[in-house]
Amino acid sequence: MTINFDKVIERRNTNCSKYDGMAASFGRNDLLPLWIADMDFPVPEAVTEAIKRRAEHPIYGYNIFPQGYYEAFCAWEKKRHNWDVDPAWVWHTPGVLTALSTAILTFTKEGDGVLIQPPVYFPFRSTIEALGRKVIDNQLRYEDGKFTMDFEDLAQKAAQAKLFVFCSPHNPSGRVWTKEELMRVHDICRKNELLVFSDEIHSDIVYKQHSHTVFAQLSDWALHHSIVAMAPSKTFNLAGLEMSHITIANDELRKQFQYYERFGLHVANGNSFGLGAAQAAYEHGEDWYQALLSYLKENLDYLDGALKARVPQVKLVYPEATYIPILDMQALGMEPEALKHFVWDEVGAALNAGTTFGPGGERFMRINVATQRKNLELFIEKLARALEARK
Ligand SMILES: Cc1ncc(COP(=O)(O)O)c(C=O)c1O
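What counts as what
- Residue positions are given per chain, counted from 1 along the sequence in the order it is written.
- Residues qualify for local features only when their pLDDT is at least 70, as the model is predicted, and side-chain atom pairs are given and counted only at 80 or more; totals for whole chains, interfaces and linings, by contrast, use all residues.
- Excluded from the side-chain calculation are hydrogens and water; included are all heavy atoms of the structure.
- Note on conventions: DSSP H or I runs of at least 4 residues are helices, E runs of at least 2 residues are strands, and numbering of each starts at the N terminus.
- The globule rule used here is 2.2 Å times the number of residues to the 0.38 power, and the radius of gyration it is set against is calculated over C-alpha atoms.
- Relative accessibility decides the category of a residue: with a 1.4 Å probe and only protein chains considered, values under 20% of the type maximum give buried, values over 50% give exposed, and everything between is partly exposed.
- Contact criterion: two residues are considered in contact whenever any of their non-hydrogen atoms come within 4.5 Å of each other.
- Only the protein chains shown count as cover for residues, with accessible areas throughout obtained via the Shrake-Rupley method and a probe of 1.4 Å.
- A positive count includes Lys and Arg, and a negative count includes Asp and Glu. His and the chain ends are not counted in either.
- One atom stands in for each charge, and that atom is NZ of Lys, CZ of Arg, CG of Asp or CD of Glu.
- Proximity criterion: a residue is near a molecule or strand once any of its heavy atoms comes within 4 Å of it.
- Residues are grouped as follows: Ala, Val, Leu, Ile, Met, Phe, Trp, Tyr, Cys and Pro are nonpolar; Asp, Glu, Lys and Arg are charged; all remaining types, including Gly, are polar.
- Strand pairing is assigned whenever DSSP detects at least two bridges linking the two strands.
- Here, a salt bridge means any side-chain nitrogen of Lys or Arg that lies within 4 Å of a carboxyl oxygen of Asp or Glu.
- Pairs of cysteine sulfur atoms within 2.5 Å are identified as disulfides in what follows.
- Every axis corresponds to a line fitted to the C-alpha atoms, with the helix fit spanning only the stretch in contact, and the corresponding angles, defined between N-to-C directions, vary from 0 to 180 degrees.
- The arc refers to the directions leading from the helix axis to the C-beta atoms.

Let us now look at the overall build of the protein. Of the regular secondary structure elements, the protein holds 15 helices and 15 strands. Against the globule reference of 21 Å for 391 residues, the protein gives a C-alpha radius of gyration of 21 Å, in line with a compact fold. Oriented by its inertia axes, the alpha-carbon framework of the protein measures out at about 65 × 55 × 40 Å. Residues counted as buried form 57% of the 391 residues belonging to the protein. In the protein, of all internal contacts separated by at least 6 residues, the share reaching a separation of at least 24 is 72%. Split by element, the accessible area of the protein, about 16700 Å² in all, is 49% carbon and sulfur. Of the side-chain charges in the protein, 42 are positive and 50 negative, and the distance between the mean point of each set is 2 Å.

Near the ligand you find Ala37, Gly95, Val96, Leu97, Tyr121, Cys167, Asn171, Asp199, Ile201, His202 and Lys234, and these make up its full shell. Burial of the ligand by the protein amounts to 88% of the accessible area it has alone, namely 400 Å². For the shell around the ligand, the residue count by class is six nonpolar, three polar and two charged.

Taken in spatial order, the four strands line up as E11-E12-E15-E14 in an open sheet, and their pairing is antiparallel. A single partner strand is all that each edge strand has here, and the edge strands are strand E11 (315-316) and strand E14 (352-353). By the bridge criterion, two bridges tie E14 to strand E15 (residues 364-366) in an arrangement that is antiparallel. Pairing of Ala353 across the sheet is with Met365, part of E15.

The final tally for this structure, using the stated rule, is 27 salt bridges. Between Lys146 and Glu320 there is a salt bridge, with the nearest N and O atoms lying 3.9 Å from each other. Of this pair, Lys146 sits in strand E6 (residues 146-148) while Glu320 sits in the loop between E11 and strand E12 (326-328); the two residues are 174 residues apart in sequence, bridging distant segments of the chain. Owing to a relative accessible area of 39%, Lys146 belongs among the partly exposed residues under this scheme. You can call Glu320 buried: its relative accessible area is 10%. Several salt bridges converge on common partners, so that one network encompasses Arg11, Lys18, Asp38 and Asp40.

For the rest of this paragraph, the subject is the environment of Ser25. Structurally, Ser25 can be placed in helix H2 (residues 22-26). Owing to a relative accessible area of 41%, Ser25 belongs among the partly exposed residues under this scheme. Residues Ser25 and Asn352 lie 327 residues apart in sequence; the distance between their C-alpha atoms is 9.7 Å. In contact with Ser25, not counting residues within four places along its chain, are Trp35 and Trp344.

It is worth spelling out unusual backbone geometry at this point. A cis geometry characterises the amide bond from Pro118 onward to Pro119, with omega recorded as 0 degrees. With respect to the helices and strands, the residue Pro119 is situated in the loop between strand E3 (113-116) and helix H6 (123-130). A cis amide bond links Ser168 with the next residue in sequence, Pro169, at an omega value of -10 degrees. Tracing the sequence through the fold places Pro169 in the loop between strand E7 (163-167) and helix H8 (179-191). Non-glycine residue Glu242 carries a positive phi angle of around 55 degrees.

Applying the stated criterion across every chain, the model contains zero disulfides. Here Cys167 stays free of any disulfide, with the sulfur of Cys189 as its closest cysteine sulfur at 14 Å. Note on Cys167: relative accessible area 3%, which makes it buried.

A word on the sheet that holds strand E9 (residues 226-230). As summarised here, the arrangement of the seven strands in space is E2-E10-E9-E8-E7-E3-E4, forming an open sheet in which the pairing is mixed. Here the strands that pair on one side only, and so sit at the sheet edges, are strand E2 (90-93) and strand E4 (134-137). Averaged over all neighbouring strand pairs, the angle between strand axes comes to 25 degrees, with direction disregarded. In this structure, E9 lies alongside strand E10 (residues 244-247), joined through three bridges in antiparallel fashion. If you follow Ala229 over to E10, its bridge partner there is Ile246.

We now examine the pairing of E10. Burial along E10 is two-sided: the face carrying Ser244 and Ile246 and the face carrying His245 and Thr247 are both buried. As judged from the four bridges shared by E2 and E10, these two strands associate in the antiparallel manner. From the neighbouring strand, Val90 faces E10, where its bridge partner is Thr247.

You can see Gly354 is positioned in the loop between E14 and E15. Exposure remark for Gly354: the relative accessible area of 3% places this residue in the buried category. Among residues more than four places away in sequence, those in contact with Gly354 are Gly361, Glu362, Phe364 and Met365.

Bringing H6 into the picture now. Residues Pro123, Phe124, Thr127 and Ile128 constitute the buried set of H6. Angularly, the buried residues of H6 cover 135 degrees about the axis, an arc narrow enough to put them on a single face. Check the buried side of H6 and you find it contacts helix H5 (96-107), E3, E4, E7 and strand E8 (195-199). Looking one or two places after H6, you find Gly132, whose phi comes out positive at around 75 degrees.

If you want it as structure tokens, here you go:
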């Protein structure tokens, strides 16, 4: 099957954040949009077909989640990560962040410490703070163009926390944690009886030579002390359908989580279109998904090569996973605020500012490569021109 990811699909005037919501985040709407983590690519045909089929039935009432739906997700996990998931462990939430809020509300009290590893996906911090819990930072290290964990600091901080919000693979560092790194995290959490919310939403977008291990696969302890959050949204570009899967093998923890979600938050009803779309993606999306991975990898190689050739002061922190890597812009010698405005106003590109991801993100900008290659070519042109103009 050939899928043409180079084909441009006009997204303006579809109420999409990336284009129609740009002004709200960047103060203008004419920037090259390489920010928020969705893709400029059409979904697999089977997904569109499933939505059309559902739309033909004109009643959109409350839903159930049929067994086949959970089985499709479990079969995908078996194939992707050789993870044996019992469908009975899996539960739906309208998003990974809803699951995060539910976990925080269910398993911690106001004032409790919640551990994160910045620079990290920024809503982790804001969610913890909005719910009146205390953020505990275990900042990643950045050395020789690569992010690693500070395990000594993690061991200390783990003792003060009630919940660890782990990002694996990690956004925005692009790291796929190795088995050894994961085991060190595991041992620290186990020693401190620390519950782990493992956000694995990016676990399908992993590039060759790297292999993702699900936190719950590490041991029986990990299986019974973790909440694993995954979703078809990053993999198949379905964020607007509000579907995610939460796997909790521990019966007691799952019951508590479900109770809060169903009776406290009332967000478990599901979306009539998302249901069939997610199932179709897992059942029929393999070819599209493989083609996507190849296209993303070529985009990364293009960006990396073009930066080295044209703008060597800016380095791609080459990701092991995700389509939203970061650019190391330290060599430009700009303060974080100045860097942000340079990229937005002088380059003319909407990238996420590294400062948003918390301590350690200051000299970086995050770029979304899930777009037509010509947009990356345009970005390189704009960046080279803006730097030239400053000379
Ligand atoms: C690490 C991570 N978790 C969660 C989300 C958001 O997930 P959802 O839209 O399912 O709440 C994102 C989106 O970019 C993400 O990168």
